[in-house]
Amino acid sequence: MATVSIKPSQGEADVQVTFDDQQKINTFANKNAKLVELKEEIEAKQKELQNLEDASDDLLMVDDESAPIPYRIGEVFISMSLEATQEKLEEGKTQIQQQIADLNAQADEIKGVLGKLKVELYAKFSNNINLEMDEE
């Protein structure tokens, strides 16, 4: 998460923080927190997509095509035919890919807002404000 701190430098005049400046700083912090949440959600969706792809690959190795395949829906497993299971997996992968695309679009939108706010805040506060991500 990015830290937002204002510190007076040696030899520079104090910069007054107006209500508008504070609103911009708060907006930056909120948008940055949302961006971190979106990145975590994207990672989770990508893991879920990888699991579905792995399951789809495992179905290719099934010897007995007439044997029922257990498929998890919520917390319950139901038995489905091989074809129906493959169709469900493909539907699931398509849905998750769409969700990932939507999340990436939201993240890009937030990055644009953060970029504009950084420019405005650095223009006013120069080196007196830190808007960079913390390294963890």
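Scroll up for the structure.
The rules we used
Residues numbered from 1 in each chain as written. Predicted model: local features only at pLDDT ≥ 70, side-chain atom pairs only at ≥ 80, totals over all residues. Heavy atoms only, no water. Helix = DSSP H or I, 4+ residues; strand = E, 2+ residues; numbered from the N terminus. Core = buried A, V, L, I, M, F, W, Y, C linked by side-chain atoms within 4.5 Å. Buried < 20%, exposed > 50% of the residue type's maximum accessible area, 1.4 Å probe, protein only. Contact = heavy atoms within 4.5 Å.

S.K.: Whenever I open this one, the environment of alanine 67 confuses me. Can you help?
M.R.: Locating alanine 67 in the fold gives a position in the loop between helix H1 (19-59) and strand E2 (69-73). Linking alanine 67 and leucine 82, residues 15 residues apart in sequence, is a C-alpha distance of 7.6 Å.

S.K.: How should I be thinking about the nonpolar core in this particular structure?
M.R.: Note on soluble globular proteins: their nonpolar side chains tend to be buried together. The biggest cluster of nonpolar side chains holds 14 residues, and the ones touching the most others in it are Leu121 and Ile129. Elements supplying a minimum of two residues to this core: H1 and helix H2 (82-125). Element by element, the count of residues in this core is highest for H2, at seven residues. Setting aside residues up to four positions removed in sequence, leucine 121 forms contacts with Asp21, Lys24, Ile25, Ser126, Ile129 and Leu131. Core analysis: the next-biggest nonpolar cluster, separate from the first, contains 10 residues, Leu52, Ile69, Tyr71 and Leu89 among them.

S.K.: Looking at this structure, I do not really get unusual backbone geometry. What am I missing?
M.R.: One non-glycine residue, serine 126, lies in positive phi territory at about 40 degrees. By secondary structure assignment, the location of serine 126 is in the loop between H2 and strand E4 (129-130). Under the relative-accessibility criterion, serine 126 is labelled partly exposed at 32%.

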